[in-house]
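Listed below, chain by chain, are the residues.
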Amino acid sequence: MSVDKKTVRKVARLARIAVPEEKLEPMAEELNGILNWIEQLNEVDIEDVEAMTTPVKMAMPMRDDVVTDGDIRDKVLANAPKTEDGFFVVPKVVE
Amino acid sequence: MTNLTQLTLADALDGLRKRQFSSREITQAHLDEIEKANPNLNAYVAVTAEKALAMADAADAQLGKTKGKVGKLEGAPLGVKDLFCTEGVRTTACSNILGEFTPPYESTVTQNLWDQGAVMLGKLNMDEFAMGSANETSRFGPPTNPWRREGANTKLTSGGSSGGSATAVAADLCLAATASDTGGSIRQPAAFTGTVGIKPTYGRASRYGMVAFASSLDQAGPLAKSVMDAAIMLEVMCSADEKDSTSLQMPVPNWTKSVGKGVKGMKIGVPKEYRMDGMPDSIEKLWQKGIDWLKAQGAEIVDVSLPHTKYALPAYYIVAPAEASSNLARYDGMRYGARQTGSGSLTDTYEQTRGQGFGAEVQRRLLIGTYVLSAGYYDAYYLRAQKVRTKILQDFESAFGAVDALLTPATPSAAFAYGEKSDDPVAMYLNDVFTVTANLAGLPGMSVPAGLDENGLPLGLQVISKALDEDACFKVGAALEEAAGFTARPERWW
C-alpha cells in the first residue's frame, strides 16, 4: 500500500493538523518510507493468534460508583486559553 | 566536605540520616551546579529553586526530630522528567502545544517521591511527548551529553526521550531522576550516558498524571547513578493506584534487597537474534564480556532464540503512533494549552492549533497513527500488530521456561552526534531495536553501564526478566555493575 498527496491531505484533515500544501508531497514520501518498512509484518503467521492485551493477567478493578472529585471549577478553568463567567470560551460551533 | 553532588543517592541518604550534612546544603550544592552547567548542558527546562529549598528545610526538620517518620528519600534532591504533572509547576512534555500549562494536580509517581521526603530541583528536558531517540524534538532545544569522544568536542546526544534526565544524572545535576520508557526511552539514554535505568513490568508504576504517549507501552522508571540507587528510586515510584485502572493491584517488593545477592545458579539466556549484522565490534565484545562476567560469578549461560525479534520495531511503529493519535486528540486548544485561532472557525482553530503546536516528528507519528486506524485499515495494521505482539510475548515466555533472565546489548551503537540520524526516520527508529521488545511484551528491562568504546564513550548492557520479576534484573544488573567496575566519569568541560 502506498499513500499519495491526496491521502496525506485526507489523513491530515482527520487528524485535525494543518499541513501546508507544499509539505504534502514530502510527507507522503516519508510516510511511504515508514509504511513500506512496516509491511514486513505481513510475513508473520498470525492465524489463530489473539491480539495482545496485557502481560500480567488481572481482573479490571472495580470501585464503588460514587463521586470522588469535583467542586474545583476554578482549577479546571485555570489553564484555559479563554474563559468568561466560569465557562470555557470556544469558537462558534453552531451557525 | 566531599563534593555533595558527586555522591550516589544511597550515600547521600546515609549522610543525611547521620546528619553529616543537611538537605539544604546538598540541595543548594545541586542548585549551584545546575546554575553553572545548565547553560551548556540544557538538562533542565525549569528550575524550581525556591520550592526545592522549602522542601529541603521541611526534610531537615523531619530528619532533626528524634521521633517521627523519616521518608525513604528524605532530603534527597531529584529531577523530574517534564512528562510528569507537578502541581503548580509548568509541565509541557516539551511541546509547544501545552503552552504554559501548569497542572492543578500531581502525578502519582512524583507524589510518591514527595511523600517519602524527596526534594524537587526542577523539570527535565525530553523529546516532545517522548517521541524520539535523540532528544532533538524538544521545544526547548536538545540537552548535550556530558560525554564526548576522546580528543573531540562534537556535541553528542544523550539519547531520548529521557535525554534531560540522563544528562542531569550523568553530570551530577541531581542524585537521581524520574524518566519514562515507551520503546527504550529510559534504557537507551542510560546506555549513552553511563547511567543505570530500569523500566519495570507494565503496570508497576501508575500512569496517573503522566502525559500519555502510547498507553499500552508507557511505563515510568528511574535513571540513577548505580543499580542500588535505581532500586531505591523504583521502590518509591511504584505503587498500586486506583487512579490508573492498568496499575497492578499488588504490593511493591523490596528490590533493594536483591541488589548484591549474586547470580550463582541463575540461568542467563543469550538470544541469538540480538546479534545484528553491522553491529560495532565494541558492542559485540562488551556483550561477550558480560557473558563471561556472569559465568565467572556462577551463572549458567544458555543460548536461546526469540524468532520474532525483527518484527518488534515495525509492530511498535503501528501500535505506538495509533495510540498516540488517539491520546493526543485531547490537544485541541480549548481547555488548556496554546490556541491558534486561524480564520476563527472551529475546524480551522483545531487545525492551526495542532499544526503549529506539534513539531514535525509528532505530526509524522500522528499521521501514521491516524492512517493505520482509518476506516478499512484497522485489521491490516493495528490488529495485525497486536497479534505480532502476542507472538513476541510468546517468544519470551518460551525462553523464560529455560532461563531466569536475558542478557543483551542495550543499544546498537554508542551516543551519536546531533543531526547524524535525523534525516531518515527509520534509521533513527532502529536505535530502539534491542529495547522495544520489552515494551511490547510488558517486561522489566534494565540498562547497566559496562564499558567504554574505542572513542571513550559509555556502552550499556541490558537485562530483561520475566513479568513481575524485577528482582532478577537487580541481581544480574548488580553483578554486571560489580564485575565491570565502571568508574569512568565524563571529563568536566561544561
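Residues numbered from 1 in each chain as written. Chains lettered and ligands numbered in written order. Predicted model: local features only at pLDDT ≥ 70, side-chain atom pairs only at ≥ 80, totals over all residues. Heavy atoms only, no water.

**Q** Describe the overall build of chain B, with residues and values.
**A** Scanning chain B for helices and strands turns up 15 helices and 11 strands. Along the longest, intermediate and shortest principal axes, the C-alpha atoms of chain B span 65 × 55 × 50 Å. Looking at the 494 residues of chain B, the share that counts as buried comes to 66%. Sequence separation of 24 or more characterises 77% of the internal contacts of chain B that already satisfy a separation of 6 or more. About 16,000 Å² of surface is accessible on chain B, with carbon and sulfur atoms providing 48% of the total. Taking the 48 positively charged and 55 negatively charged side chains of chain B as two groups, their mean positions are separated by 3 Å. (Helix = DSSP H or I, 4+ residues; strand = E, 2+ residues; numbered from the N terminus. Buried < 20%, exposed > 50% of the residue type's maximum accessible area, 1.4 Å probe, protein only. Contact = heavy atoms within 4.5 Å. Areas by Shrake-Rupley, 256 points an atom, 1.4 Å probe, with all protein chains shown as cover. Lys, Arg positive; Asp, Glu negative; His and termini not counted. Charge placed at Lys NZ, Arg CZ, Asp CG, Glu CD.)

**Q** Can you explain the pattern of salt bridges? Please cite residues and give values.
**A** Side-chain pairing between opposite charges can occur once the charged atoms of the two side chains come close. Residues and elements named next belong to chain B. What the rule picks out here adds up to 25 salt bridges over all chains. Between Asp57 and Arg24 there is a salt bridge, and its shortest N-O distance comes to 2.8 Å. One end of the pair, Asp57, is in helix H3 (residues 49–64); the other, Arg24, is in helix H2 (residues 23–41), and 33 residues separate them in sequence. Classification of Arg24 by relative accessible area gives partly exposed; the value is 38%. (Salt bridge = Lys/Arg side-chain N within 4 Å of Asp/Glu carboxyl O.)

**Q** An account of unusual backbone geometry is requested, with residue identities and associated values reported.
**A** All names here are of chain B. The omega angle of the peptide bond from Gly160 to Ser161 is 5°, so this bond is cis rather than trans. Although it is not a glycine, Ala130 sits at a positive phi angle of roughly 65°. Summarising the element assignment, Ala130 is placed in the loop between strand E3 (119–124) and helix H5 (163–170). Of note, the phi angle at Asn135 is positive, near 60°, even though the residue is not glycine. Structurally, Asn135 can be placed in the loop between E3 and H5.

**Q** Break down a nonpolar patch on the surface for me, with residues and values.
**A** Residue and element names in this part refer to chain A. Among the surface-exposed residues, Ile72, Val76, Phe88, Val90, Val93 and Val94 lie close enough to one another that they form a single nonpolar patch of about 500 Å² accessible area. Tracing the backbone through its elements, the reader meets Ile72 in the loop between helix H2 (21–38) and helix H3 (73–77). Residue classification places Ile72 among the partly exposed positions, given a relative accessible area of 32%. (Patch = residues over 30% accessible without salt bridge, like charges linked within 9 Å, V, L, I, M, F, W, Y side chains within 5 Å.)

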